[in-house]
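# Architecture at a glance
Below, each chain spelled out in residue letters.
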Amino acid sequence: ICGPISSGHLYNGPKVAMKVNLRGRLQSETLSPGQVGLLIELDKHSSRDAPSIGTILPNILVRIWPRAAHHLRVGLMHAAMMSAHALDDDERRALISAIEATCMPNGGVDAWGIIDALKSLGALDDDQEEHVVTVRAEMKEVLADGDSPDSWERAAGLWNAQFDHPYDGAYCQGWNDLSDDDRKALQVMAAKSLDRYSMFTPTLIAEVASQSDPTVGTIIERWTGLPPKKDAFLQDSIRTFEMAYASLARLRCPLPDRSAEAVSAADHALLACGRLLYWLNRDDISFSERKSNCAAPLAVLSRHEAGVAAAVVGEFFRSDHMFAESARRLPGSEPVVTSLGKFFPDEVAAIYRAALEKPTLQSGYFEFFRIEDVIEKALVNLGRFGSASDIPLLRTWSIHPDMGRLAIQAIREIEEAPLQMKDRARGSIQ
């Protein structure tokens, strides 16, 4: 019941939300936290002209918040955010007061959901405007002491605060007000910080590289090393890793040799992916030369007996979209290459084919490893890059209770691919 509702996939969700009188039901003081959570989630399906539950949220918060679990608190704060447009000034102030009085003293566990709700309700607008002065003053201090590691740390904090601070707007304004020279200097200082794996580091690398100054290559190069294997935010580590290699390529900096760091097959596979991204993005050399330089790393990934390539290559497929967004900032004469499969479809198909043939052999780079993730990516990408000869293998997976539907979809994609090619050819002739 709860899964489809919270994911937004409830069948006939809008019709249900319209019929169940959410606002009336939520006013009952006998509701359990679970019932409140169910109704709050259903409210996400309500149309914008439906009666807002924002006017009754203050009473709900007083009654439910102290005994609400984290997911319910997140839902309540989301409801407050979504109610902001429908409240008049008095109703908005009442909801702000209820949040500040009831929700704040909770040890910071739900802090960001609360802050987002208060921001949406306009509670931080005045304070944020005043905070711009503080931001400008700190930036001036940091720039005045550019060679200090302490200043580098502060610069990194100023960078991250644009995305992850209650007054993020004040920090964005501070950065926008800087001259081009000061902005570049502060970004370079932030890149020198010891905070190597912030979730905002890939964007910082792209910004630093966007200046087209090869001298920053020595700073970016430190992110081309192997990331920590025990990492709760492994997608951020991968995005940082691939952004570093793509940036060095676009700055025409030499490819660093990290092979001495590799002690396992997974280490070698990850470094091979980095080298592929580097050579594919060297847009200053011919494409034939780029492909020639890719031969050695492709050979590493083709050691199927090691059982690591599928999981390692899969990490890069996972971050394609977010990497592509940030990579638009990089210099160069052509779009940044973010997908290995686009240029090496046969090699990628072979990697995932081997994983489906010997699933028990598979392992990954990071300590957090799920064979289910590998199989899912293998089925999806074999459908994308495979051929008709892969259909018998996919049929053996089509009866799997969890992965069968993906195998069937992969078969369908392979079978439809020739028809799509014919349609495109027919359209080009016409």
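Residues numbered from 1 in each chain as written. Predicted model: local features only at pLDDT ≥ 70, side-chain atom pairs only at ≥ 80, totals over all residues. Heavy atoms only, no water.

Position of N381 among the secondary structure elements: in helix α23 (residues 371–385). Contacts of N381, omitting those with residues within four sequence positions, involve F317, Y352 and G386. (Helix = DSSP H or I, 4+ residues; strand = E, 2+ residues; numbered from the N terminus. Contact = heavy atoms within 4.5 Å.)

Residues D125, D126, D127, E129 and E130 make up a contiguous surface patch of negative charge. Relative to the elements of secondary structure, D127 occurs in helix α9 (residues 125–143). (Patch = residues over 30% accessible without salt bridge, like charges linked within 9 Å, V, L, I, M, F, W, Y side chains within 5 Å. Areas by Shrake-Rupley, 256 points an atom, 1.4 Å probe, with all protein chains shown as cover. Salt bridge = Lys/Arg side-chain N within 4 Å of Asp/Glu carboxyl O. Lys, Arg positive; Asp, Glu negative; His and termini not counted. Charge placed at Lys NZ, Arg CZ, Asp CG, Glu CD.)

A volume near 300 Å³ is recorded for the largest pocket. When residues of the lining of the largest pocket are traced back to their parent elements, those giving at least two are α4 (33–43) and α6 (70–83). Each residue belonging to the lining of the largest pocket can be placed in one class, and the counts come to seven nonpolar, seven polar and three charged. (1 Å grid on protein atoms, 1.4 Å probe; cavity = no way out; pocket = protein on both sides within 12 Å on 5 of 7 lines; lining within 4 Å. Points joined across faces, edges and corners; volume = space filled by probe spheres on them. Nonpolar A, V, L, I, M, F, W, Y, C, P; charged D, E, K, R; others polar.)

Our focus in this paragraph is the packing of α9 against helix α10 (residues 149–160). One way to put it is that α9 packs onto α10 with a least axis distance of 9 Å and a crossing angle of 145 degrees. The element α9 and its partner α10 pack so that their crossing is left-handed. Across from E138, M139, E141 and V142 in α9, the residues of α10 making contact are S151, R154, A155 and L158. Here the contact of α9 with α10 is composed, by residue class, of four nonpolar, one polar and three charged. (Axes fitted to C-alpha atoms, helices over the stretch in contact; angles between N-to-C directions. Left-handed = near helix turned anticlockwise from the far one by under 90°.)

As for its placement among the helices and strands, N281 is situated in the loop between α16 (265–280) and α17 (287–293). Setting aside its immediate chain neighbours within four residues, N281 contacts A246, A249, R250, V336 and V337.

Okay, the confidence of the model for the protein chain next. As a note on interpretation, predicted positions should not be read in detail where pLDDT is low. Looking at the protein chain as a whole, its pLDDT mean stands at 86, while 88% of the residues score no less than 70. For residues 421–430, every residue scores under 50 in pLDDT, and the model assigns this stretch zero contacts once sequence neighbours within four places are set aside. (pLDDT = per-residue confidence, 0-100.)

For the structure shown, the criterion picks out eight aromatic pairs. Arranged with centres 5.4 Å apart and planes meeting at 90 degrees, the rings of W159 and W175 form a pair that is edge-to-face. With W159 in helix α10 and W175 in helix α11 (residues 168–177), this residue pair connects regions lying 16 residues apart in the sequence. Take W175: its relative accessible area is 0%, and that puts it in the buried class. Relative to F200, the ring of F163 has its centre 4.9 Å away and its plane inclined at 25 degrees; by these criteria the two rings are stacked. (Phe/Tyr/Trp six-rings, centres within 6.5 Å; stacked < 30°, edge-to-face > 60°. Buried < 20%, exposed > 50% of the residue type's maximum accessible area, 1.4 Å probe, protein only.)

End to end, α10 covers 17 Å across twelve residues, agreeing with the expected 16 Å (1.5 Å per residue, within 8%). Every buried residue of α10 is accounted for by S151, A155, A156, L158, W159 and N160. If you follow the buried residues of α10, they end up packed against α9, α11, α12 (180–191) and α13 (201–209). Of the residues flanking the start of α10, the one acting as N-cap is S148, its side-chain oxygen 3.2 Å from the backbone nitrogen of D150. (Expected span 1.5 Å × (residues − 1). Polar contact = N/O pair within 3.5 Å; in protein donor to acceptor, adjacent residues only side chain to side chain.)

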